[in-house]
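# Structural overview
Now for the letters of each chain:
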Amino acid sequence: MSNRYAVVLAAGQGTRMKSKLYKVLHPVCGKPMVQHVVDQLNKLELNELITVVGFGAEKVQDQIGDDSHYVVQEEQLGTGHAVQQAEEILADKEGTTVVVCGDTPLLTGETLQALLDHHDHEGAKASVLTAHAQDPTGYGRVVRGASGEVERIVEHKDADDKEKAIQEINTGTYCFDNKALFEALNNVSNDNVQGEYYLPDVIEILKNNADKVSAYQTSDFSETLGVNDRVALAQAEKTMKRRINEQHMRNGVTLIDVDNTYIGPDVSIGQDVVIHPGCVIDGETTIASDAVIGPHTTIKDCQVGAETVIKQSVATNSKIGKRVQVGPFAHIRPDSDLDDDVKLGNFVEVKKAAFGQGSKVSHLSYIGDSEVGSGVNIGCGTITVNYDGTNKHLTTIEDDAFIGCNSNLIAPVTVGKGAYVAAGSTINKDVPSEALSIARARQENKEGYASKLKSKND
Ligand code: UD1
Ligand code: MG
């Protein structure tokens, strides 16, 4: 196989987005558009990936990281000029270069591969990915000659009425013979309505050189959507969401309300998981088989074990074991680790807390910065007092301990194995294992006092 390179165009500001956020960083299903593009390109066997950055260069580089080399386009003089910035890295290399815009988040690796195959098969110097658009407004149009061969691409703003009627659009994705690309780019002018150096002009230049150019039309226009404003962003979101959801359903996941389920592109879900309406599941989340999620549950960056049930709750960056019951209305904050068979009930908040197997905290509690053993029962209204105004401190509750309702555990503190804490206690000293600790005012009953009070008031 010949060498393969890719250039991602991501230097534009995206004026039409009317946003502080640079266009290619706008997320679709929780992931920035340019990251979608890079992830799909990474499915091809590439020798090198180069991203052209300009506006928001640092932020784009932070997002993509080491997956790419970067070249900076100081001034945004057009897509042709953008590709030229990669000249110093690529110009004298033999091979094929794929060029993709950073604002086409729905493009798939499969379609890119099909374009490459077409390009190789045709032996072309340039192949453009095209699509048939119901409404081609705004896109470059593919002008074909009498026998159907590609002649050139004309931008919407430069097109005459006849050209505007063409519905075959340039998707902004191309394959080029690398050397031919950089030679042709030197001949691109900015003599057009926008005064920009257009990459698509390379097609006509090569054609006039008697080089072979071709077009590969994909049947799925939705995949090629270029996001230039927030209307298109919403369209991309909808299409991507549908695509992700359908893939999960095909893999054996039940989505009770497919239009009302939001799953990120990097989430993996096992068979026979049921997801109720109103769930948002994203980041690097994995959900094992037979779990039941929702309704109205938000999960980000969590590992959820098999047969676990999470109802109307929020969980972030945590590990949740098998057969765990969460909610309704629980909040699992980052760095929590719930072992198998744990129960976290109504209005329970946990943060940076580990729970051993089978431990239960069923109602109205805050457990933070804590290590809870297995078989522990934490009664309703228990609070770990973890913060002294400056530092956070650890609460340790060892295996099989029982914490009575409405207790405060003032950290740092340890409740030993099998110990009991009486309801209503405020514990600020360690409790030895197997002990009973009572830390509250002793109850005093004044017999007959009620009638005394009543007679006093008469
Ligand atoms: C471009 C194509 C158009 C095609 C459409 C598909 C050109 C001239 N037009 O139009 O034929 O139908 O995409 O979506 O190529 N960029 C830079 N530097 C620049 C200019 C742009 O890096 O100087 C980047 C942008 O960040 C963006 C991409 O190139 O990611 C495309 O630019 P954009 O302005 O969106 O081009 P379109 O008008 O959509
Ligand atoms: Mg665009």
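Rules and cut-offs
Residues numbered from 1 in each chain as written. Chains lettered and ligands numbered in written order. Predicted model: local features only at pLDDT ≥ 70, side-chain atom pairs only at ≥ 80, totals over all residues. Heavy atoms only, no water. Patch = residues over 30% accessible without salt bridge, like charges linked within 9 Å, V, L, I, M, F, W, Y side chains within 5 Å. Areas by Shrake-Rupley, 256 points an atom, 1.4 Å probe, with all protein chains shown as cover. Salt bridge = Lys/Arg side-chain N within 4 Å of Asp/Glu carboxyl O. Helix = DSSP H or I, 4+ residues; strand = E, 2+ residues; numbered from the N terminus. Buried < 20%, exposed > 50% of the residue type's maximum accessible area, 1.4 Å probe, protein only. Near = heavy atom within 4 Å. Polar contact = N/O pair within 3.5 Å; in protein donor to acceptor, adjacent residues only side chain to side chain. Nonpolar A, V, L, I, M, F, W, Y, C, P; charged D, E, K, R; others polar. Donors = N, O, S within 2.8 Å, 3.2 Å for Na, K, Ca; no water. Phe/Tyr/Trp six-rings, centres within 6.5 Å; stacked < 30°, edge-to-face > 60°. Contact = heavy atoms within 4.5 Å. Domains from an automatic or database assignment. Pairing = 2+ DSSP bridges.

Right, let's talk about a nonpolar patch on the surface for a bit. Taken together, the side chains of F402, Y420, L436 and I438 define a hydrophobic patch exposed on the protein surface, amounting to about 420 Å² of accessible area. Following the sequence through the fold, I438 ends up in the loop between β37 (436-437) and α10 (449-457). On the basis of relative accessibility, which here comes to 53%, the residue I438 falls in the exposed class.

Taken together, 26 residues sit near ligand 1, with G12, Q73, T79, E155 and N170 positioned nearest. Between ligand 1 and Q73, the relevant distance is 2.7 Å, taken from a nitrogen atom to a side-chain nitrogen or oxygen of the residue. Between E155 and ligand 1, the recorded distance is 2.7 Å, taken from a side-chain N or O atom to an oxygen atom. Of the residues forming the shell around ligand 1, the biggest block, three residues, is contributed by strand β10 (residues 168-177). Partitioned by chemical class, the residues of the shell around ligand 1 number ten nonpolar, twelve polar and four charged.

With that settled, the discussion passes to the coordination of the magnesium ion (ligand 2). Protein-derived ligands of the magnesium ion (ligand 2) are D103 (OD) and N228 (OD1), with the metal-ligand distances lying across 2.1 to 2.3 Å. Within this pair, whereas D103 is found in the loop between β6 (96-101) and α5 (109-122), its partner N228 is found in the loop between β11 (213-218) and α9 (230-250), the two being separated by 125 residues in sequence. Given the relative accessible area of 12%, D103 is considered buried.

On to the packing of aromatic side chains. Per the stated rule, a full pass over the model turns up four aromatic pairs. Ring centres 5.9 Å apart and planes at 80° place the aromatic pair Y139 and F221 in the edge-to-face group. Of this pair, Y139 sits in the loop between β7 (126-132) and β8 (141-144) while F221 sits in the loop between β11 and α9; the two residues are 82 residues apart in sequence, bridging distant segments of the chain. In this structure F221 comes out as partly exposed when scored by relative accessible area, which is 21%. Between the aromatic rings of F329 and F347, the centroid separation amounts to 5.3 Å while the plane-to-plane angle is 15°, which identifies the pairing as stacked. In this pair, F329 is assigned in the loop between β24 (325-326) and β25 (331-332) and F347 in strand β27 (residues 343-355), connecting sequence segments 18 residues apart. Its relative accessible area of 43% is what places F329 among the partly exposed residues.

Another aspect to go through is the pattern of salt bridges. Evaluated as defined, the whole model comprises 16 salt bridges. One salt bridge in this structure joins K31 and D266, with 3.3 Å as the shortest N-O distance. You can see K31 sitting in strand β3 (residues 31-32) and its partner D266 sitting in the loop between β13 (261-263) and β14 (268-269), a full 235 residues away along the chain. With a relative accessible area of 38%, D266 lands in the partly exposed category. Between E349 and R333 there is a salt bridge, and its shortest N-O distance comes to 2.6 Å. Of this pair, E349 sits in strand β27 while R333 sits in the loop between β25 and β26 (337-338), and the two are 16 residues apart along the sequence.

The element helix α7 (residues 178-185) is extensively covered by neighbouring structure, given that six of its eight residues are classed as buried. Looking at the buried residues of α7, the elements they touch are α3 (79-84), α4 (87-90), β6, β10 and α8 (201-208).

Moving on: the domain arrangement of the protein chain. According to the domain assignment, the protein chain contains domain 1 (4-224) and domain 2 (252-437). Computed over C-alpha atoms, the centres of domain 1 and domain 2 are 48 Å apart.

The next subject is the pairing of strand β28 (residues 360-372). Pairing geometry for β27 and β28, over ten bridges, is parallel. Within β28, the residue paired with K351 across the bridge is G368. Pairing geometry for β28 and strand β29 (residues 377-378), over two bridges, is parallel. Across the sheet, K360 pairs through a bridge with N377, a residue of β29. Across three bridges, β28 lies against strand β31 (residues 395-397) in parallel orientation.

Quick look at the side chain of H36 now. In this structure, H36 sits in helix α1 (residues 33-41). H36 sits in the buried class, given a relative accessible area of 4%. Beyond its immediate chain neighbours, meaning those up to four positions away, H36 contacts V28, K31, P105, M240 and P265.

Most peptide bonds take the trans form, and the phi angle of most residues other than glycine is negative. Residue P295 is reached from G294 by a cis peptide bond, and omega for that bond is 5°. Take P295: it is sitting in the loop between β18 (292-293) and β19 (298-300). The peptide bond linking G327 to P328 adopts the cis configuration, its omega dihedral lying at 0°. Its location among the elements puts P328 in the loop between β24 and β25. In this model, D369 sits at a positive phi of 45°, which is unusual for a non-glycine residue. Positionally, D369 belongs in strand β28. Positive phi, normally seen in glycine, also occurs at N406, with a value near 55°. Along the chain, the position of N406 falls in the loop between β32 (402-403) and β33 (408-410). On the accessibility criterion, N406 (53% relative accessible area) is exposed.

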